[in-house]
Every structure is written in C-alpha cells, then in structure tokens.
Amino acid sequence: MGDSDGSGGGGFVVLMIVLVVLALYFTPTIIAFARGIADRGTVLVLNLFLGWTFVGWVVSLAMAARSRPEPVVLMAQPMISPAGPQPGWYRDPSDPLAERWWDGAGWGDTRRAVS
C-alpha cells in the first residue's frame, strides 16, 4: 500500500526535473524570444541542434544576449530654400543687351533695354 502512494509523487518529481533541464537547455532561445532579437530563429536552430555541445549552447547564448543597436529615427525636416537674388531687374540671361524682371522665384516676361 505504501508503494502505490509514493509512485505518483515520484512521477511529479521526474516531470519537474525534466522541465527544469529543458528550461536550462533552451535558456538562449527563451532569452532571444524575450528580447525580440532579429536572429531569434538562428538562435533557436543553433540551440536546438548544437545546444547539447557546450560550445553550441554558449554561442547561442552569446547571440541571444548581445547588445542591440539603438534604432535610428529619421524625422522629416522642412525644405529650406537657399536665399536667392531679391526681386528686381537683372541682365537677361538670353539677351545680354536687355534686363529682365526677376520676381524672386523665376523670370518674368517683362524686359527692358539696358541703359
């Protein structure tokens, strides 16, 4: 009667030991997924297939724990136009003997002879 009562508790202890061992084995993968690193799939595969070797486990842990670069945030800046010539009469680029009105943004149609 005493043996049947103790077997249930022994199975629970074995289950807990198996879960703890699995948690330790997959610690690099758990860390990688918790931190959301970009190479978490690589860490999982490396940990799954080479984690049984100490070197594979350490490499996957190092990959999972490495520092992440800070994200670069780009903000749109308003376009600042370079200061151009002020509005006024200037030599006509197409006719050096005439002046043409510059309105500050573009050439106007009004021309006059150079005095």
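Residues numbered from 1 in each chain as written. Predicted model: local features only at pLDDT ≥ 70, side-chain atom pairs only at ≥ 80, totals over all residues. Heavy atoms only, no water.

J.: Which parts of the structure should I look at to understand helix H4 (residues 54-65)?
T.: Residues lying three or four places apart along an α-helix face the same way, a consequence of the helix completing one turn every 3.6 residues. For H4, built from 12 residues, the straight-helix expectation of 16 Å at 1.5 Å per residue is met to within 8% by its first-to-last C-alpha distance of 16 Å. Buried residues of H4: Gly56, Ser60, Met63 and Ala64, and no others. Down the axis of H4, the buried side of the element spans an arc of 100°, and every buried residue falls inside it. Turned more than 90 degrees away from the buried face of H4 sit Phe54 and Val55, all of them exposed. Buried-residue contacts for H4 involve helix H2 (27-35) and helix H3 (40-50). (Helix = DSSP H or I, 4+ residues; strand = E, 2+ residues; numbered from the N terminus. Expected span 1.5 Å × (residues − 1). Buried < 20%, exposed > 50% of the residue type's maximum accessible area, 1.4 Å probe, protein only. Arc of directions from axis to C-beta. Contact = heavy atoms within 4.5 Å.)

J.: I keep staring at the packing of aromatic side chains and nothing clicks. Help me out?
T.: Two aromatic rings, taken as a pair, are described by how far apart their centres are and by the angle between their planes. For the structure shown, the criterion picks out three aromatic pairs. Between the aromatic rings of Tyr25 and Phe26, the centroid separation amounts to 4.9 Å while the plane-to-plane angle is 85°, which identifies the pairing as edge-to-face. Owing to a relative accessible area of 23%, Phe26 belongs among the partly exposed residues under this scheme. Ring centres of Trp102 and Trp107 lie 5.1 Å apart, and the angle between their planes is 70°; this geometry places the pair in the edge-to-face category. Taking the relative accessible area as the measure of exposure, Trp102 reaches 15% and is therefore buried. Exposure remark for Trp107: the relative accessible area of 33% places this residue in the partly exposed category. (Phe/Tyr/Trp six-rings, centres within 6.5 Å; stacked < 30°, edge-to-face > 60°.)

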